Amino acid sequence: MAMIIDKETLEHVASLARLEITPEEEGPLLGDLERILGYVAQLSSVDTSAIVSKRPAMTELRPDEPSAGLTREAGLGGAPAMRDAFVVVRNVMGGEDE
Amino acid sequence: MSSELPRTLKQYRHAVRAHELSAEEYLDETRQLIERGDPQVKAFLHLRLDAARSDAQAADPSSPLAGAPIAVKDNIMMAGERCTCGSRILEHYVAPYSATAVRSLLAAGAVVPGKTNLDEFAMGSSTENSAFFPTHNPTDLTRVPGGSSGGSTAAVAAGFALGAIGSDTGGSVRQPAAFCGVVGFKPTYGLVSRYGLVAFGSSLDCIGPIARSVRDAAIMMNVMAAHDPKDATSVKRPHVDFEAALQPTLAGKRVGIIRELQGLDVQPEIAAAMETARKAAVKSGASIVDVRVPHILSALPAYYIIAPAECSANLGRFDGVRYGLHVDGRDMTETYSRTRNAGFGTEVKRRILIGAFVLSAGYYDAYYKKASSVRQLITDELDAALQSADVLLTPTTPTTAFRLGAVTDALEMYKADVFTIPANLAGVPAISFPAGKDAAGLPIGLQLMGPRWSDAELLSSANVFFTALGGES
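Bear in mind that the values here come from a model prediction, so they are computed numbers and not experimental data.

1. Describing the overall build of chain B
Point 1. A tally of regular secondary structure across chain B gives 15 helices and 11 strands.
Point 2. The C-alpha radius of gyration of chain B comes to 21 Å, within 12% of the 23 Å expected for a compact globule of 473 residues.
Point 3. On the principal axes, the C-alpha backbone points of chain B span a range of 65 × 55 × 45 Å.
Point 4. Burial status across chain B gives 63% buried among its 473 residues.
Point 5. Long-range contacts, defined here as pairs at least 24 residues apart, represent 76% of the contacts in chain B between residues at least 6 apart.

2. A look at the side chain of N117(B)
Point 1. Along the chain, the position of N117(B) falls in the loop between strand 3 (114–116) and helix 5 (150–158).
Point 2. Assessed through its relative accessible area of 0%, N117(B) is described here as buried.

3. Remarks on the packing of helix 2 (residues 23–40) of chain A against helix 11 (residues 346–359) of chain B
Point 1. Viewed as axis vectors pointing N to C, helix 2 of chain A and helix 11 of chain B meet at an angle of 55°, and their least axial separation amounts to 11 Å. Our classification of the angle between helix 2 of chain A and helix 11 of chain B gives oblique. As helix 2 of chain A runs across helix 11 of chain B, the sense of the crossing is right-handed. Contact residues: E25(A), L29(A), D32(A), L33(A), I36(A) and L37(A) in helix 2 of chain A; K349(B), R350(B), L353(B), I354(B), F357(B) and V358(B) in helix 11 of chain B.
Point 2. In terms of residue class, the contact of helix 2 of chain A with helix 11 of chain B is made up of 8 nonpolar, no polar and 4 charged.

4. A short note on the UniProt feature "domain: Amidase" (unreviewed entry) in chain B
Point 1. Here the UniProt feature "domain: Amidase" (unreviewed entry) sits at residues 34–459 of chain B.
Point 2. Between the end C-alpha atoms of residues 34–459 of chain B there is a gap of 29 Å, over a span that is 35% helix and 13% strand.

5. Looking at the side chain of S454(B)
Residue and element names in this part refer to chain B.
Point 1. Secondary-structure assignment places S454 in the loop between strand 11 (443–449) and helix 15 (455–468).
Point 2. Given a relative accessible area of 10%, S454 falls into the buried group.
Point 3. Here the side chain of S454 touches P451 through a polar contact of 2.7 Å, landing on its backbone oxygen.
Point 4. The contact partners of S454, leaving out residues within four places of it in the chain, are T188 and P429.

6. Some thoughts on empty space enclosed by the protein
Residues and elements named next belong to chain B.
Point 1. In the structure shown here, the tally under the stated rule is 2 cavities of 30 Å³ or more.
Point 2. As a volume, the largest cavity reaches approximately 70 Å³.
Point 3. Considering the residues around the largest cavity, the lining is formed by 14 residues, among which G124, S125, S172, Y303 and D417 are closest to the centre.
Point 4. The class makeup of the residues in the lining of the largest cavity is 5 nonpolar, 7 polar and 2 charged.

7. Points about the interface of chain A and chain B
Point 1. On the chain B side, the residues contacting the 44 residues of chain A number 56 residues.
Point 2. Between chain A and chain B, the buried area comes to about 4300 Å², and carbon and sulfur atoms account for 68% of it.
Point 3. On inspection of chain A and its partner chain B, the count reaches 4 salt bridges.
Point 4. Where K349(B) meets E25(A), a salt bridge forms, and the shortest distance between an N and an O atom there is 3.1 Å.
Point 5. Where chain A meets chain B, there are 13 residue pairs in polar contact (both at pLDDT 80 or more).
Point 6. Elements that contribute at least two residues to the side of chain A that touches chain B include exactly helix 1 (7–16) and helix 2 of chain A.
Point 7. Top contributing element to the side of chain A that touches chain B by residue count: helix 2 of chain A, with 9 residues.
Point 8. Here the residues of the side of chain A that touches chain B are counted per class, giving 27 nonpolar, 7 polar and 10 charged.

8. Looking at the environment of A410(B)
Point 1. Assignment of secondary structure puts A410(B) in helix 13 (residues 410–414).
Point 2. Taking the relative accessible area as the measure of exposure, A410(B) reaches 10% and is therefore buried.
Point 3. Each C-alpha atom, one on A410(B) and one on L197(B), is 25 Å from the other, the two residues being 213 residues apart in sequence.
Point 4. Non-local contacts of A410(B), meaning those with residues more than four positions away in its chain, are made with I36(A), E347(B) and R350(B).

9. Quick word on the sheet that holds strand 5 (residues 183–186) of chain B
Residues and elements named next belong to chain B.
Point 1. Strand order in this open sheet of 11 strands is 1-3-2-4-6-5-10-11-9-7-8, and the pairing throughout is mixed. Taken across any chain shown, the strands that pair with only one partner, and hence form the sheet edges, are strand 1 (44–47) and strand 8 (287–291). Each adjacent strand pair in this sheet contributes to an overall mean axis angle of 30°, direction not counted.
Point 2. As defined by bridge partners, strand 9 (residues 391–395) adjoins strand 11 across 4 bridges and the pair is classed as antiparallel.

10. Examining the packing of aromatic side chains
Residue and element names in this part refer to chain B.
Point 1. Tallied over the entire structure, the rule returns 15 aromatic pairs over all chains.
Point 2. Residues F121 and F318 carry aromatic rings whose centres are separated by 5.1 Å and whose planes lie at 50° to one another, so their mutual orientation is tilted. Here the residue F121 occupies a position in the loop between strand 3 and helix 5, and F318 occupies one in the loop between helix 9 (299–314) and helix 10 (332–343), the gap between them amounting to 197 residues. The same class applies to F121 and to F318, which are both buried.
Point 3. Residues F357 and Y363 carry aromatic rings whose centres are separated by 4.2 Å and whose planes lie at 35° to one another, so their mutual orientation is tilted.
Point 4. Using a relative accessible area of 0% as the deciding quantity, one classes F357 as buried.

Here is what the cut-offs are and how they apply
- Residues numbered from 1 in each chain as written.
- Chains lettered and ligands numbered in written order.
- Predicted model: local features only at pLDDT ≥ 70, side-chain atom pairs only at ≥ 80, totals over all residues.
- Heavy atoms only, no water.
- Helix = DSSP H or I, 4+ residues; strand = E, 2+ residues; numbered from the N terminus.
- Rg over C-alpha atoms; globule rule 2.2 N^0.38 Å.
- Buried < 20%, exposed > 50% of the residue type's maximum accessible area, 1.4 Å probe, protein only.
- Contact = heavy atoms within 4.5 Å.
- Axes fitted to C-alpha atoms, helices over the stretch in contact; angles between N-to-C directions.
- Parallel < 35°, antiparallel > 145°, perpendicular 65-115°, else oblique.
- Left-handed = near helix turned anticlockwise from the far one by under 90°.
- Nonpolar A, V, L, I, M, F, W, Y, C, P; charged D, E, K, R; others polar.
- UniProt positions renumbered as here; feature names shortened; annotations may be inferred.
- Polar contact = N/O pair within 3.5 Å; in protein donor to acceptor, adjacent residues only side chain to side chain.
- 1 Å grid on protein atoms, 1.4 Å probe; cavity = no way out; pocket = protein on both sides within 12 Å on 5 of 7 lines; lining within 4 Å.
- Points joined across faces, edges and corners; volume = space filled by probe spheres on them.
- Buried area = accessible area lost by both parts, 1.4 Å probe.
- Salt bridge = Lys/Arg side-chain N within 4 Å of Asp/Glu carboxyl O.
- Pairing = 2+ DSSP bridges.
- Phe/Tyr/Trp six-rings, centres within 6.5 Å; stacked < 30°, edge-to-face > 60°.

Shown next, in the form of structure tokens:
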């Protein structure tokens, strides 16, 4: 039987999910995912041609009015690196970090 | 103080109001039980017993919960306390605000003795997936408490709290409640605010009470069920008094038995408990009806597409930038992946990968879209079944609590959720209540499901079953 997920697909999906798969993890993960995806693939035999997917009821939004929320200090308090009330990250535009 | 400690919230509230017991005295007794028992049970990830004692001293005896200790699962935020979700990625994270459910409990006079253990990000059925340590079942320490709210159910079963809250995405309140011999209730989707619950599967997640009796769960629902503008999926409903709605009989009720679940392999004592419950229902004035939910067995595979898909999106926020663990890399992309690799455990990675796969180009229609259609089909079928029956009676789990380390295969572990998942897919309320013990003395749980927004009636029916099978009213 054709495999559902191969090494290349796993690597592609892992990069989409921003996960690194170590060489030791790869074998067991491929086995697990193949079995789980093989199990859930049984849904293909369910006839859903008559199903009209219902739109969820409109979410009722709260009034768009300013109200007291988290302070900036509380909201940013968990960030690993901060400078002048900003979160510090690596350069995302290419080039060297400061 | 009276010689015998109250077993339930109801008894506790009575004793406190009659000045037979004070909240501090009760908390001191609870502290002793925790200090003696929790090194073995390991229900809590963090304790805050000194703070809880001050809160108990300040508690108003006439408030709805009158200083009762209520434990909180560690994926639900309480301001100023750590909220780890059982994960290395949030090991040192401190909640900047409290979940609405926690605020409601505190406002009603609850005190929080600690935050309870869970499978990492609520993904698991045994609490063995916690990044820190597994929790043990208080009835038999060699067994799992179930999961993912296993710390909360173990705490309530062991007497470390009078009640607890957990989250239920595919059975995570009900399945561990069954394994630990306590009551676990998943309300209708939208009835209890999820603001401050760390999201796993947003179309499925519910916060629900864990208690020693169905009445206690109703008392907690009275406190937690309310519309919350901070949760866009929270629904405005007329006020209901869940405790006052408890009726003494099942007179006129139709109890449905789902035909498609009859052939499933369940432990013989659980099948016998179903038979006992069925007889108790008839004795209490109910009629038994045979109902069909033709695609109910497709709920499990549909769930294991939908829940991982939602989890892969929700857990995208853990990037090492705004909160939690940070592992530096050469650039942002490497920083993200190093952080996530170091922070997430095996099961979480597995589910993120499944989710990313079923949502990725080329696979979306065959997996995610198909699963969403099957979910709609099962929802329609369950709604129809709940027109010909007022409640549906099923086992909560196929087996009683298994031994720690006994189930190592991910797919086998998923199958522990076969009875609980349909209610999450359909958004209907469901409750697990204790219904005797198996030959090894392990608790058995049975489940009732009801129509959307019939939470008060469902609790009432569950209370009749629970008391008829030996539980306290």
